[in-house]
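So the chains spell out like this:
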Amino acid sequence: MSFSNTAVVGAGTMGNGIAHVLALNGYTVTLIDVNEEALEQGTDTIASNLQRQVNKERITAAEREATLDRIRTHTDLAQAVSDVELVIEAVSETTDVKGPIFETLDEAAPDDAILASNTSSISITWLAAQTSRPDQVIGMHFFNPVPIMKLVEVVRGLDTSDATFDAVERLALDLDKTPVEVNDAPGFVSNRVLMPMINEAVFCLMEGVASEEDIDTVMTLGMNHPMGPLTLADFIGLDVCLGIMEVLHRELGDDKYRPCPLLRKMVTAGHLGRKSGQGFYSYDG
């Protein structure tokens, strides 16, 4: 299967990044969001990031303009997906939001369209069960920032067909990404390993084992990580980290995945990291 016409649901950080790489690699893409302002911000971000690539001589100015010409926007989900071959959902990481979207996609998208999710922790099998085409539902978990990060976890639900997997794997390769096959499980591989590490770093901070800076220094200099776990948590968003830990704790039933009380407290206070200006560190501007 080839994808001449694609759509991305959600114009936030991940959604506009996915639309960016699709359009840059020659795919026509409709960026969908119920919020017109979010669409404007999303397309502005794409334009700005493409200009950064021009400035670094990774693409030409003509390629930038051609990429922008391949991107359309829409606020009506059902209308926007009526003629697509592939939809990638990239909305808030909750079943309450994603479930109804997949029901609508199933009703509105062509019968042979593949429905993918960029979810980082929610069951692909559960999302597929919201549709009448579970064999055509798959996870396509990109990493932030999407135009730069190479990895894509391609996640098989229980009923995902080989044809669906093969088509999405080929797409990931065509986007110059490295696809890794993962079976549906809480947190997949990336967050099953990463989030408990971040959570344990928060426990170290809460218990006074070391300061934020020293915890991060141990992991960057001692373990050769590119950034420390608390810095990374701020970058990801503490609310996102908490949400994933809650999924791991609930679905796997093991207290080793219990979210740190300090992480809960910070999210309750609105200290979400870079996006709120305050997390484990402060971010002015």
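Residues numbered from 1 in each chain as written. Predicted model: local features only at pLDDT ≥ 70, side-chain atom pairs only at ≥ 80, totals over all residues. Heavy atoms only, no water.

- Per an unreviewed UniProt entry, the protein goes by 3-hydroxybutyryl-CoA dehydrogenase and derives from Longimonas halophila.
- Looking at the protein in UniProt, the text filed under Sequence similarities (unreviewed entry) is "Belongs to the 3-hydroxyacyl-CoA dehydrogenase family." (UniProt positions renumbered as here; feature names shortened; annotations may be inferred.)

Digging into the sheet that holds strand β3 (residues 71-74)
Then comes step 1: An order of β3-β2-β1-β4-β5-β6-β7-β8 is seen for the eight strands of this open sheet, with the pairing classed as mixed. The open sheet has two free edges, formed respectively by β3 and β8 (178-183), since each of these has just one partner strand. Within this sheet the neighbouring strands show an average axis-to-axis angle of 25°, counted without direction. (Pairing = 2+ DSSP bridges. Helix = DSSP H or I, 4+ residues; strand = E, 2+ residues; numbered from the N terminus. Axes fitted to C-alpha atoms, helices over the stretch in contact; angles between N-to-C directions.)

Observations concerning the domain arrangement of the protein
Then comes step 1: Domain boundaries assigned for the protein yield domain 1 (5-183) and domain 2 (191-276).
Then comes step 2: One C-alpha centre belongs to domain 1, the other to domain 2, and the line joining them spans 27 Å.
Then comes step 3: Between domain 1 and domain 2, the residue contacts involve five residues of the former and four residues of the latter.
Then comes step 4: Each partner contributes to the roughly 390 Å² buried at the junction of domain 1 and domain 2, and carbon and sulfur atoms together form 56% of this total.
Then comes step 5: Interface area lost by domain 1 to domain 2 is led by Ser120, Ser121 and Asn144, which between them contribute 74%.
Then comes step 6: Linking domain 1 with domain 2 are zero salt bridges, by the criterion used here.
Then comes step 7: Counting across the domain 1 and domain 2 interface gives one residue pair in polar contact (both at pLDDT 80 or more).
Then comes step 8: Taken together, the residues of the side of domain 1 that touches domain 2 break down into one nonpolar, four polar and no charged. (Domains from an automatic or database assignment. Contact = heavy atoms within 4.5 Å. Buried area = accessible area lost by both parts, 1.4 Å probe. Salt bridge = Lys/Arg side-chain N within 4 Å of Asp/Glu carboxyl O. Polar contact = N/O pair within 3.5 Å; in protein donor to acceptor, adjacent residues only side chain to side chain. Nonpolar A, V, L, I, M, F, W, Y, C, P; charged D, E, K, R; others polar.)

Section: the environment of Phe102
Then comes step 1: Here Phe102 lies in helix α5 (residues 95-108).
Then comes step 2: The exposure class assigned to Phe102 is buried, which follows from its relative accessible area of 0%.
Then comes step 3: Placed 137 residues apart in sequence, Phe102 and Asp239 show a C-alpha to C-alpha distance of 23 Å.
Then comes step 4: Not counting chain neighbours up to four residues away, the residues in contact with Phe102 comprise Glu89, Leu115, Ala116, Ser117, Leu127, Gln130, Thr131 and Val137. (Buried < 20%, exposed > 50% of the residue type's maximum accessible area, 1.4 Å probe, protein only.)

Topic: the pairing of β8
Consecutive side chains along a regular strand alternate between the two faces of the sheet.
Then comes step 1: By the bridge criterion, six bridges tie strand β7 (residues 151-156) to β8 in an arrangement that is parallel. Directly across from Glu153, in β8, lies its bridge partner Val180.
Then comes step 2: With respect to chirality, the unit in which β7 leads through helix α7 (residues 162-174) into the neighbouring parallel β8 is right-handed. (Right-handed = clockwise from strand over helix to strand, strands pointing away.)

Structural notes on the UniProt feature "binding site: NAD(+)" (unreviewed entry) in the protein
Then comes step 1: Under the feature "binding site: NAD(+)" (unreviewed entry), the UniProt entry names Gly10, Ala11, Gly12, Thr13, Met14, Gly15, Asp33, Glu93, Lys98, Ser120, Asn144 and Lys275.
Then comes step 2: Note that Met14 resides in helix α1 (residues 13-24).
Then comes step 3: Leaving out residues up to four positions away in the same chain, Met14 has contacts with Ala90, Asn118, Phe142, Phe143, Asn144 and Val146.
Then comes step 4: Its relative accessible area of 16% is what places Asp33 among the buried residues.
Then comes step 5: Other than its neighbours up to four places away in sequence, Asp33 contacts Gly10, Ala11, Ala38, Leu39, His74 and Thr75.
Then comes step 6: A distance of 2.9 Å separates a polar atom in the side chain of Asp33 from the backbone nitrogen of Asn35.

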